[in-house]
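Descriptive structure summary
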Amino acid sequence: MEDDESSHPAHCVQQQLEAYNARDIDAFMQWWAEDCCYYGFPDQLLAKGAAEIRERHLVRFREANLHGRLITRLCVGNLVIDQEVVTRTFPEGPGEVDVIALYEVEGGKISKAWFKMGEPRLLNASP
């Protein structure tokens, strides 16, 4: 790679994933632009601006089992696409959900993100 690794769009996406898994809201938010937009795929605006994204994740970060496991990552220009399995505590209990996350990165910060969620699977449920 010709560019410094820290300036590559995948670097900031990886750093925010690590902060997400550490449930460190300050480290997580440093990778989001002040005017970022956070969408449920394809176009449901869930949070506009860093303050709303922060508030949304403060609640999520209270989940002791929260963890995003990266399956694969694709990068095209300033777009980073992650396939993840996220462990969470759902109202019905602990489980996992498949997630496709698309991040648009501008100037080393996530400017837009879209999330396509699968159906939650409870961890203690019978097949």
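This report concerns the structure included in the present document. Keep in mind that this is a model prediction, so the values were computed, not measured.

Concerning helix α1 (residues 9-22)
A turn of α-helix holds 3.6 residues, and therefore any two residues three or four places apart point the same way. In a regular helix each residue adds 1.5 Å, so 14 residues correspond to 20 Å; α1 covers 20 Å between its end C-alpha atoms and thus fits that length. For α1, every residue scored as buried is listed here: P9, A10, C12, V13, Q16, L17, A19, Y20 and N21. Two residues or fewer after α1 comes R23, characterised by a positive phi angle close to 55°.

So, the nonpolar core
Membership of the largest hydrophobic core comes to 28 residues, with the highest contact counts inside it found for F28, M29, W32, I53, Y103, I110 and F115. Elements supplying a minimum of two residues to this core: α1, α2 (25-29), β1 (32-40), α3 (50-60), β4 (79-90), β5 (93-106) and β6 (109-117). Ranked by the residues each element gives to this core, the list is headed by β5, at 5 residues. Here W32 is in contact with Q16, Y38, I53, Y103, K109, I110, A113 and F115, once residues within four sequence places are set aside.

Digging into the layout of surface pockets
Over the atoms rolls a probe the size of a water molecule, and in doing so it shows where empty space is left. Reported here for the largest pocket is a volume of approximately 370 Å³. Looking at the largest pocket, it is lined by 22 residues, and the ones nearest its centre are Y38, R60, V99, F115 and M117. Looking at the lining of the largest pocket, the elements with two or more residues in it are α1, β1, α3, β4, β5 and β6. Split into classes, the residues belonging to the lining of the largest pocket amount to 14 nonpolar, 3 polar and 5 charged.

Considering the pairing of β5
Bridge count between β4 and β5: 12 bridges; the pairing is antiparallel. Each bridged residue has a counterpart across the sheet, and for V80 the counterpart in β5 is Y103. Summarising the sheet, β5 and strand β7 (residues 121-122) pair through 2 bridges and their orientation is antiparallel. Looking across to β7, one finds that G95 is bridged to L122. The pairing of β5 with β6 spans 8 bridges and is antiparallel. Considered in β6, the bridge of Y103 is made with A113. Connecting β5 to the antiparallel partner β6 that follows it, the hairpin turn spans 2 residues, and G107 within it adopts a positive phi of roughly 60°.

Points about the pattern of salt bridges
Side chains carrying opposite charge are able to pair once their charged atoms draw close together. Following the criterion strictly, the structure yields 5 salt bridges and no others. Across the pair D82 and R73 runs a salt bridge whose closest N-O atoms are separated by 2.6 Å. Since its relative accessible area comes to 0%, D82 is described here as buried. Classification of R73 by relative accessible area gives partly exposed; the value is 21%. Note that E96 is salt-bridged to R121, the shortest N-O span being 3.5 Å. Within this pair, whereas E96 is found in strand β5, its partner R121 is found in strand β7, the two being separated by 25 residues in sequence. R121 sits in the partly exposed class, given a relative accessible area of 34%. Among the ionic contacts, a cluster of salt bridges with common partners joins E96, D98 and R121.

Criteria and cut-off values
- Residues numbered from 1 in each chain as written.
- Predicted model: local features only at pLDDT ≥ 70, side-chain atom pairs only at ≥ 80, totals over all residues.
- Heavy atoms only, no water.
- Helix = DSSP H or I, 4+ residues; strand = E, 2+ residues; numbered from the N terminus.
- Expected span 1.5 Å × (residues − 1).
- Buried < 20%, exposed > 50% of the residue type's maximum accessible area, 1.4 Å probe, protein only.
- Core = buried A, V, L, I, M, F, W, Y, C linked by side-chain atoms within 4.5 Å.
- Contact = heavy atoms within 4.5 Å.
- 1 Å grid on protein atoms, 1.4 Å probe; cavity = no way out; pocket = protein on both sides within 12 Å on 5 of 7 lines; lining within 4 Å.
- Points joined across faces, edges and corners; volume = space filled by probe spheres on them.
- Nonpolar A, V, L, I, M, F, W, Y, C, P; charged D, E, K, R; others polar.
- Pairing = 2+ DSSP bridges.
- Salt bridge = Lys/Arg side-chain N within 4 Å of Asp/Glu carboxyl O.

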